[in-house]
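# Structural overview for review
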Amino acid sequence: MIHRVQESEIYQVVTTEISSALKVDEANIDPESFLIGDLGAESLDLVDLTFRMEKAFDIEIPEGQLFEGSDPPPENLKIKDVVAYLSQRLA
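In short, a report on the structure. (Residues numbered from 1 in each chain as written. Predicted model: local features only at pLDDT ≥ 70, side-chain atom pairs only at ≥ 80, totals over all residues. Heavy atoms only, no water.)

This paragraph deals with the nonpolar core. In terms of nonpolar packing, the biggest core is built from 24 residues, with V14, I18, L35, M53 and L86 touching the most fellow members. Contributions of two or more residues to this core are made by α1 (7–22), α2 (43–57) and α3 (79–90). With residues near it in sequence (within four places) discarded, L86 still touches I10, V14, M53, F57, I59 and I61. (Core = buried A, V, L, I, M, F, W, Y, C linked by side-chain atoms within 4.5 Å. Buried < 20%, exposed > 50% of the residue type's maximum accessible area, 1.4 Å probe, protein only. Helix = DSSP H or I, 4+ residues; strand = E, 2+ residues; numbered from the N terminus. Contact = heavy atoms within 4.5 Å.)

Pasting the structure below:
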């Protein structure tokens, strides 16, 4: 039986990985947090986060889909956008 990953599970993994990569307390991360503006991510961090998400969810993320060149653009990317993207990919 295939287990469909729930958004709450995705959110937890995403916040854990972001917290670890950006050295930000998980309590300071919420769905409306901007990766760049609120959490201080830089372009190299976005590359690292892409690799972390690929490993955590055992998927391949095409270059430019999750962060760089994403819609919304990286400077407007919120945690909820990352969760929505991953949820769609894992559906």
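There is more to say, and it comes next.
All right, on to the packing of α1 against α2 then. A pair of packed helices is characterised by two quantities: the angle between their axes and the separation of those axes. Taken N-terminus to C-terminus, the directions of α1 and α2 make an angle of 140°; their axes are 10 Å apart at the nearest point. Between α1 and α2, the crossing angle belongs to the class labelled oblique. Of the two possible hands of crossing, α1 and α2 adopt the one that is right-handed. In this structure, α1 uses I10, V13, V14, E17, I18, S20, A21 and L22 to contact α2, whose residues at the interface are D45, D48, L49, R52, M53, A56 and F57. Of the residues belonging to the contact of α1 with α2, the class tally is 10 nonpolar, one polar and four charged. (Axes fitted to C-alpha atoms, helices over the stretch in contact; angles between N-to-C directions. Parallel < 35°, antiparallel > 145°, perpendicular 65-115°, else oblique. Left-handed = near helix turned anticlockwise from the far one by under 90°. Nonpolar A, V, L, I, M, F, W, Y, C, P; charged D, E, K, R; others polar.)

Now for the packing of α1 against α3. Orientation of α1 relative to α3, taken along the N-to-C sense of each, is 125°, at an axis distance of 9 Å. Accordingly, the angle class assigned to the pair α1 and α3 is oblique. In terms of crossing hand, the pair formed by α1 and α3 is right-handed. Taken together, the residues of α3 that come into contact with α1 (itself represented by E7, I10, Y11, V14 and I18) are I79, V82, V83, L86, S87 and L90. Tallied by class, the residues present in the contact of α1 with α3 amount to nine nonpolar, one polar and one charged.

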